[in-house]
Amino acid sequence: MKARNVLVAAVIIAILSIPTLPNDAADTTPPVIKSVKAYPSPAIQGQFVTIECIVTDNVAVNVVKAFIKYPDNSTANMTMAKSSNGKYRIKQFFDVVGVYTYYIWANDTSGNANKTANKTFVVEEDDYPPQTSCSLSGEKGENNWYLGDVKVSLYSYDKGTGVKCIYYMLDDSPWLEYHTLFNVIGEGIHDLYYYAED
């Protein structure tokens, strides 16, 4: 008896649950991207910039990305996180001074894609020095003289990158880094100097 070669084939059918369109028509509608903005603009060098937009689709949004061109012509491709009401956003630190160009790109689960026109935001150099102030407290007598120890608190604010540290010098002491309030003790006139770095 002659042997026969037999080929058996198996067919596997995968069924996916995909939202259907009316009349089983193919989805050819790209996502809608609106309310695109970057803030703050201008931003100060060292600040975070938020880029956000609203993306909707007739079936489902798949991915939303921000494509950013830096002032030095380098580029970044960042996936945006979904928050609420169809809003997508990224919050990113930008430290290169100049004009940034960006656009938003989105696709849906059917492979349709859309992108916005180019938009810009600006990052300016941090040339704002920190503003530092002093608060004194204690029991006062005549002519605004203090009758005992004086508590000193230093505060500083920087519009740009933020305050790195505050320094002070009391009378002839060396410059010290300020961490918390301190007392000035001893009768007489005392000289207090202070500044902050950003």
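The structure displayed is predicted, hence computed values, not measured ones. (Residues numbered from 1 in each chain as written. Predicted model: local features only at pLDDT ≥ 70, side-chain atom pairs only at ≥ 80, totals over all residues. Heavy atoms only, no water.)

Caption draft 1: Seen up close, the overall build of the protein chain. Looking only at helices and strands, one finds 0 helices and 16 strands in the protein chain. In the protein chain, which comprises 198 residues, the share counted as buried stands at 29%. Across the protein chain, the fraction of contacts at a sequence separation of at least 24, relative to all contacts at a separation of at least 6, is 60%. Split by element, the accessible area of the protein chain, about 13500 Å² in all, is 51% carbon and sulfur. (Helix = DSSP H or I, 4+ residues; strand = E, 2+ residues; numbered from the N terminus. Buried < 20%, exposed > 50% of the residue type's maximum accessible area, 1.4 Å probe, protein only. Contact = heavy atoms within 4.5 Å. Areas by Shrake-Rupley, 256 points an atom, 1.4 Å probe, with all protein chains shown as cover.)

Caption draft 2: Region of interest: the confidence of the model for the protein chain. Per-chain confidence: the protein chain averages 85 in pLDDT, with 86% of residues scoring 70 or above. When the criterion is pLDDT under 50, residues 1-18 qualifies, and its contacts beyond four places in sequence or with other chains add up to 0 contacts. (pLDDT = per-residue confidence, 0-100.)

Caption draft 3: Main features of the sheet that holds strand E15 (residues 182-184). Read across the open sheet, the 3 strands follow the order E11-E12-E15; overall the sheet is antiparallel. Looking along the sheet, the strands with just one partner apiece sit at the ends: strand E11 (131-137) and E15. Pairs of neighbouring strands in the sheet enclose a mean axial angle of 35°, with direction left out of account. Both E11 and strand E12 (residues 150-157) contribute to a ladder of 7 bridges, which runs antiparallel. When the sheet's bridge partners are listed, Gln131 is paired in E12 with Tyr157. (Pairing = 2+ DSSP bridges. Axes fitted to C-alpha atoms, helices over the stretch in contact; angles between N-to-C directions.)

Caption draft 4: Quick look at the environment of Phe48. By secondary structure assignment, the location of Phe48 is in strand E3 (residues 48-56). Classification of Phe48 by relative accessible area gives partly exposed; the value is 46%. Those residues in contact with Phe48 that lie beyond four places of it in its chain are Tyr39, Pro40, Lys91, Gln92 and Phe93.

Caption draft 5: Here's a closer look at the pairing of E12. Pairing geometry for E12 and E15, over 3 bridges, is antiparallel. Paired with Val152 across the two strands is Phe182, which belongs to E15.

Caption draft 6: Examining the side chain of Asn107 more closely. Following the sequence through the fold, Asn107 ends up in strand E8 (residues 98-108). Ignoring anything within four residues of it in the chain, the contact list for Asn107 reads Pro31, Val61, Asn62, Val63, Asn112 and Ala113.

Caption draft 7: Molecular detail of the sheet that holds strand E6 (residues 81-82). Across the sheet, 4 strands lie side by side as E1-E3-E7-E6; this open sheet has antiparallel pairing. A single partner strand is all that each edge strand has here, and the edge strands are strand E1 (32-39) and E6. The pairing of E6 with strand E7 (residues 87-93) spans 2 bridges and is antiparallel. Note on E7: the bridge partner recorded for Lys82 is Tyr88.

Caption draft 8: The environment of Leu181, seen in detail. Note that Leu181 resides in the loop between strand E14 (176-177) and E15. Overall, the relative accessible area of 42% leaves Leu181 in the partly exposed class. Distance in space between the C-alpha atoms of Leu181 and Ser153 is 4.7 Å, their sequence separation being 28 residues.

Caption draft 9: Molecular detail of the side chain of Asn112. Mapped onto the elements of the fold, Asn112 is located in the loop between E8 and strand E9 (113-115). According to the relative accessible area criterion, Asn112 is buried, its value standing at 15%. Within the structure, Asn112 has its side chain in polar contact with the backbone oxygen of Asp27 (distance 3.0 Å). Setting aside chain neighbours within four positions, we find Asn112 in contact with Asp27, Thr28, Thr29, Pro30, Pro31, Ala106 and Asn107. (Polar contact = N/O pair within 3.5 Å; in protein donor to acceptor, adjacent residues only side chain to side chain.)

Caption draft 10: Local environment of the nonpolar core. Formed by 24 residues in total, the largest nonpolar core has its most connected members in Ile51, Cys53, Ile68, Met80, Ile104 and Phe121. At the level of secondary structure, the elements contributing two or more residues to this core comprise E1, E3, strand E4 (61-69), strand E5 (75-79), E7, E8 and strand E10 (119-124). Apart from the residues lying within four places of it in its own chain, the contact partners of Ile104 are Ile33, Val36, Ile51, Cys53, Val64, Lys65, Ala66, Met80, Asn114, Lys115 and Thr116. (Core = buried A, V, L, I, M, F, W, Y, C linked by side-chain atoms within 4.5 Å.)

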